[in-house]
Amino acid sequence: DAKTTQPPSMDCAEGRAANLPCNHSTISGNEYVYWYRQIHSQGPQYIIHGLKNNETNEMASLIITEDRKSSTLILPHATLRDTAVYYCIVRPNDNNAGNMLTFGGGTRLMVKP
Amino acid sequence: KAGVTQTPRYLIKTRGQQVTLSCSPISGHRSVSWYQQTPGQGLQFLFEYFSETQRNKGNFPGRFSGRQFSNSRSEMNVSTLELGDSALYLCASSSGDFHNEQFFGPGTRLTVL
């Protein structure tokens, strides 16, 4: 079962920041938070991941709370092409788990002009 | 660098038949994972192959099987097809190292009539 809770949908105005929340209150100390997105009719795309420090890359920023029970993915200037389903995934730091990803329902982000 | 290739892109089968789907990972990647995506169940992990060995398996019946070849290409097979097997089948490739990015292919859309 997915260990994350996300709102089913969100809207964002084009050019504004999109802040996508994720609750992972049962996360354990060795589990990472990953974000993927899936644009319609395409395979999922990796965005970013982190353990406890905030992370930033060319696509987004990931803010993880100090207690690690929740996180927020930030798309600083959303464009229409960012319309997609965004998945927050908790993944163990365990080589035995391999590359298995457990997807939940995700958040459907609609960026509007 | 070429992306993940899946063939065929679309497939129509009838109940009771079997089907084989193919996935060619990114050059140099040794891990291939397979996922099933349906409107009702979302994205679900099927199995992962790494260096020709199954490293992880999801909760699917034995009708679903896979294999990986020495060139890292992977196939998955579904025998005795059921209507509920209609889905988008996605494969993802990665180098196999932990916390590496996984790259998804466009998927194979299977319809079972």
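The structure we're discussing is the one just above.
Since we're looking at a predicted model, the values are computed, not measured.

Asks: Explanation requested: the interface of chain A and chain B in the structure shown.
Replies: Quoted interface sizes are often the accessible area lost when the parts come together. Taken together, the contact between chain A and chain B spans 21 residues of the former and 21 residues of the latter. When the two sides are added together, the surface that chain A and chain B hide from each other amounts to roughly 1,800 Å², 50% of it contributed by carbon and sulfur. Across the contact surface, chain A and chain B share zero salt bridges. Where chain A packs against chain B, one counts seven residue pairs in polar contact (both at pLDDT 80 or more). Every element with two or more residues in the side of chain A that touches chain B is listed here: β3 (31-38), β4 (45-50) and β8 (84-92) of chain A. Looking at the side of chain A that touches chain B, the element that brings in the most residues is β3(A), giving four residues. In terms of residue class, the side of chain A that touches chain B is made up of eleven nonpolar, eight polar and two charged.

Asks: Please clarify how the pattern of salt bridges should be interpreted in this entry.
Replies: Opposite charge on two side chains allows them to pair when their charged atoms are near. Residue and element names in this part refer to chain B. In total, this model carries eight salt bridges over all chains according to the counting rule given. A salt bridge links E75 to R73, with the shortest nitrogen-to-oxygen separation between them at 3.2 Å. Look at R73 and you get partly exposed, because its relative accessible area is 25%. Put simply, R63, E82 and D85 are held in one network by salt bridges that share partners.

The rules behind the values
- Residues numbered from 1 in each chain as written.
- Chains lettered and ligands numbered in written order.
- Predicted model: local features only at pLDDT ≥ 70, side-chain atom pairs only at ≥ 80, totals over all residues.
- Heavy atoms only, no water.
- Contact = heavy atoms within 4.5 Å.
- Buried area = accessible area lost by both parts, 1.4 Å probe.
- Salt bridge = Lys/Arg side-chain N within 4 Å of Asp/Glu carboxyl O.
- Polar contact = N/O pair within 3.5 Å; in protein donor to acceptor, adjacent residues only side chain to side chain.
- Helix = DSSP H or I, 4+ residues; strand = E, 2+ residues; numbered from the N terminus.
- Nonpolar A, V, L, I, M, F, W, Y, C, P; charged D, E, K, R; others polar.
- Buried < 20%, exposed > 50% of the residue type's maximum accessible area, 1.4 Å probe, protein only.

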